[in-house]
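Analysis of the macromolecular model
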Amino acid sequence: MEGGWSARGELLLCLTINLLLQGRGDTFTINCSGFDQHGVDPAAFQEVFDRKAFRPVINYSTPTHVNISFTLSAILEVDAHLQLLTSFLWINLMWDNPFISWNPKECGSINKLTVSADNLWVPDIVIVESMDTDKAPTGLTAYVSSEGRIKYDRPVRVTSICNLNIFYFPFDQQNCTFTFSSFLYTVDSMLLGMNKEVWEITDTSRDIIQTQGEWKLLGINKATTKMSVGSNVYDQIVFYVAIRRRPRLYIINLLVPSGFLVAIDALSFYLPAESEIRAPFKITLLLGYNVFLLMMNDILPASGTPLISVYFALCLSLMVLSLLETIFITYLLHLATTKPPPMPLWLHSLLLHGTSPMKCCPTVTQKGTKGLGLTPSHLPGLKGPVELVGKVPGPQEAELNGRTGSTGSQQEDKAQKQHLVGLWVQFSHTMDILLFRIYLLFMATFIITVMVLWST
């Protein structure tokens, strides 16, 4: 009787150990005989397929190691207003399933098979920055090796949030992140790693990237972090993707036309200040520049204040200032030739000592207003020759003045008027020269800035 209970006990113990150690040894080896002749038998993998709802580990306290890599194949859109980056990725996941193994020698040297991913356990790896649902295609397959190594590739269109800085638009460089993490499993159940080096991911992405549009890939870096949510800690891999905008389109469509309009406005200073076509010409340029800004408004970023917007505002301000200066000079010349007011002493001193005409500037005189293009016929109200800088009357004029006192008084008043006219005309042309130099300084600064930003 005791021998019978002893035999039964041994049998129960063997069955218990068998159940506890199910899957070890030959239990997990798939019978693949005939695969090379009759194809793969689904029944050979049925036991593996039945376990797809559970993480494939023998000891459940052992974390699953998942290796992650990706290839950036396209940069589809960068939305500065919504701060979103839309890209196309090929995500590669790799992990081990200890319940899958077979002997390649028994299977006609078959080392790798393709299995529908719907029949396997797949890690729930997500991109934390993703702002859209997963748009990966369904019905994908995975490669399964004879050692139980599973490689799963899936293409996905990712719309992710990215902190965009558009101040240097269109010479801006953006740094976006792709953070890969498990949605459910903590570090106790899943650890993340990489099966490729970062430089391999960068080189592969540059080689196969298919879009030659607005953005180009500069480089990819990575960092490994841990994310704590309450008492749970999740493993993460953060990839930093640096992209740069190709500015050629914006230079041709925005900066070059704007520069031409500003240059034409600067050249209009070579028109005589007293010319009647100068003010209408500047008004036409100003209206054309406003139409240009309205047409190009859709190309500019919808949010923020980029540097190019400051440049457009400065160009518009200079053109408005140039028009106001032309109107003021026209009024000043009219006033100087009809009833010239006395010039303040401080302005007279500033005119004599603070400014000096130069040969390189438009409408500049070397002596009086002879070189200004301002002839007596140009000045309304003056019907005879005028000397714009006061002179001491000659001997003949002094003799005539001595003959008649009234005639002398008229000549003196006329000389004083001519002297005031000359001072005000010189002041108006000095203002022209000053604003012209400001234009030249602005254009030189603009060209140097564009060259520096484009080269760096």
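Look up: the structure comes first, before these words.
Residues numbered from 1 in each chain as written. Predicted model: local features only at pLDDT ≥ 70, side-chain atom pairs only at ≥ 80, totals over all residues. Heavy atoms only, no water.

Side note on the pattern of salt bridges
This is how it is decided: Salt bridge, as used here: a side-chain nitrogen of Lys or Arg that lies within 4 Å of a carboxyl oxygen of Asp or Glu. Elements are defined by DSSP. Helices are runs of H or I of four residues or more, strands are runs of E of two residues or more, and each kind is numbered from the N terminus. Think of it in three bands: with a 1.4 Å probe and only protein chains considered, a residue is buried below 20% of the maximum accessible area for its type, exposed above 50%, and partly exposed in between.
In this structure the tally under the stated criterion is six salt bridges. Its salt-bridge partner being Glu214, residue Arg245 comes within 2.2 Å of it at the nearest N-O pair. Residue Arg245 is found in strand E10 (residues 232-245), and its partner Glu214 is found in the loop between helix H4 (198-208) and strand E9 (215-229); the two are separated by 31 residues along the sequence. By relative accessible area, Arg245 is classed as buried at 7%. Judged by its relative accessible area of 30%, Glu214 falls in the partly exposed class. One salt-bridge network, in which partners are shared between bridges, spans Asp172, Glu214 and Arg245.

Remarks on the environment of Trp95
Our working rule: Residue contacts follow a heavy-atom distance rule, with two residues in contact if any of their heavy atoms lie within 4.5 Å.
Here Trp95 is to be found in strand E2 (residues 84-96). Residues Trp95 and Val66, 29 residues apart in the sequence, show an inter-C-alpha distance of 4.9 Å. Beyond its immediate sequence surroundings of up to four residues, Trp95 is in contact with Pro56, Thr64, His65, Val66, Trp121, Val122, Pro123, Gly148, Arg149, Ile150 and Tyr152.

Description of the packing of helix H6 (residues 278-295) against helix H7 (residues 307-338)
The following threshold applies: Every axis in this analysis is a line fitted to C-alpha atoms, fitted for helices over the stretch in contact. Angles between the N-to-C directions lie between 0 and 180 degrees. Any angle that is under 35 degrees is reported as roughly parallel, and any over 145 degrees as roughly antiparallel; angles of 65 to 115 degrees are reported as roughly perpendicular and all others as oblique. Left-handed describes a crossing whose near helix is turned anticlockwise from the far helix through less than a right angle; right-handed describes the clockwise counterpart.
Remark: H6 packs on H7, axes separated minimally by 9 Å, with the N-to-C direction vectors making an angle of 160°. In terms of axis orientation, H6 runs roughly antiparallel to H7. In this structure, the crossing between H6 and H7 has a hand that is left-handed. Residues Arg278, Ala279, Lys282, Ile283, Leu285, Leu286, Tyr289, Asn290, Phe292 and Leu293 of H6 touch H7, and the partners they reach there are Phe312, Cys315, Leu316, Met319, Val320, Ser322, Leu323, Glu325 and Thr326.

Description of helix H5 (residues 248-267)
Working note: α-helix, 3.6 residues per turn, so residues spaced by three or four point in the same direction. Applied cut-off: Given the number of residues in a helix, its expected span is that number minus one, multiplied by 1.5 Å. Throughout, the bend at a residue refers to the angle made by two axes, fitted to the seven residues ending there and to the seven starting there.
Compared with the 28 Å implied by 1.5 Å per residue over 20 residues, the 27 Å span of H5 between its first and last C-alpha is a close match. The largest bend in H5 amounts to roughly 30° and is located at Leu255, with the proline Pro257 lying one to four residues further along. All of the buried residues along H5 are Tyr250, Ile251, Leu254, Leu255, Ser258, Gly259, Leu261, Val262, Asp265 and Ala266.

Structural notes on the sheet that holds strand E8 (residues 190-193)
Here is the rule: For two strands to be treated as a pair, DSSP must find no fewer than two bridges joining them.
Strand order in the open sheet made by the six strands is E3-E5-E6-E2-E1-E8, with mixed pairing throughout. The open sheet is flanked by strand E3 (112-116) and E8, the only strands paired with a single partner. Across the sheet, the axes of successive neighbouring strands diverge by a mean angle of 30°, strand direction being ignored. Pairing of strand E1 (residues 64-79) with E8 involves four bridges; the strand directions are parallel. Looking at E8, one finds that Thr64 is bridged to Met190.

Re the sheet that holds E10
Read from one edge of the open sheet, four strands run E4-E7-E10-E9, paired in antiparallel fashion. Of all strands in the sheet, those with a lone pairing partner are strand E4 (125-127) and E9, marking the two edges. Taken pair by pair, the neighbouring strands of this sheet meet at an average axis angle of 20°, ignoring direction. In the sheet, strand E7 (residues 173-182) pairs with E10 via nine bridges, with the strands oriented antiparallel. In the sheet register, Phe178 faces E10, and the bridge partner there is Phe239. Contacts from H4 reach E9 and E10, with the element oriented near 140° to E9.

Observations regarding the side chain of Thr86
Along the chain, Thr86 turns up in strand E2. Filtering out sequence-adjacent residues up to four positions away, Thr86 remains in contact with Ile75, Leu76, Glu77, Arg157, Val158 and Thr159.

A look at the state of the cysteines
Condition: By definition, disulfides here are pairs of cysteine sulfur atoms that lie within 2.5 Å.
Tallied over the entire structure, the rule returns one disulfide. Between the sulfur atoms of Cys162 and its disulfide mate Cys176 the distance is 1.9 Å. On the sign convention where negative means left-handed, the S-S torsion of about -85° between Cys162 and Cys176 marks this disulfide as left-handed. One end of the pair, Cys162, is in the loop between strand E6 (149-161) and E7; the other, Cys176, is in strand E7, with 14 residues separating them in the sequence. Like Cys176, Cys162 is buried.

Topic: the pairing of E7
Of all ten residues in E7, seven are buried, a share of seventy percent or more. Two strands pair when backbone bridges link them, and E4 and E7 are joined in this way by three bridges, in the antiparallel orientation. Note that in E7 the partner of Ile127 across the bridge is Phe180.

A closer look at the packing of aromatic side chains
For clarity, the cut-off: The pairing test for Phe, Tyr and Trp rings, Trp by its six-membered ring, is centres within 6.5 Å, and the orientation test on the planes gives stacked under 30 degrees, edge-to-face over 60, and tilted for anything in between. The rule for a charge over a ring is simple: NZ of Lys or CZ of Arg within 6 Å of the ring centre, and within 35 degrees of the ring normal.
A full pass over the atoms with the stated rule returns 16 aromatic pairs. With centroids separated by 5.0 Å and ring planes inclined at 85°, the aromatic side chains of Phe167 and Tyr168 adopt a geometry described as edge-to-face. When the centroid spacing of 5.6 Å and the interplanar angle of 85° are considered together, the rings of Tyr270 and Phe436 count as edge-to-face. With Tyr270 in the loop between H5 and H6 and Phe436 in helix H10 (residues 405-455), this pair connects stretches of sequence that are 166 residues apart. With relative accessibility at 46%, the residue Tyr270 sits in the partly exposed group. With a relative accessible area of 5%, Phe436 lands in the buried category. Ring-pair connections join several aromatic residues into one group, and the members of that group are Tyr289, Phe292, Tyr311, Phe312, Phe442 and Phe446. Here the basic side chain of Arg51 rests over the ring of Phe99, its NZ or CZ set 4.2 Å away from the ring centre. The lysine or arginine in question, Lys112, covers the ring of Tyr143, its NZ or CZ lying 4.7 Å from the ring centre.

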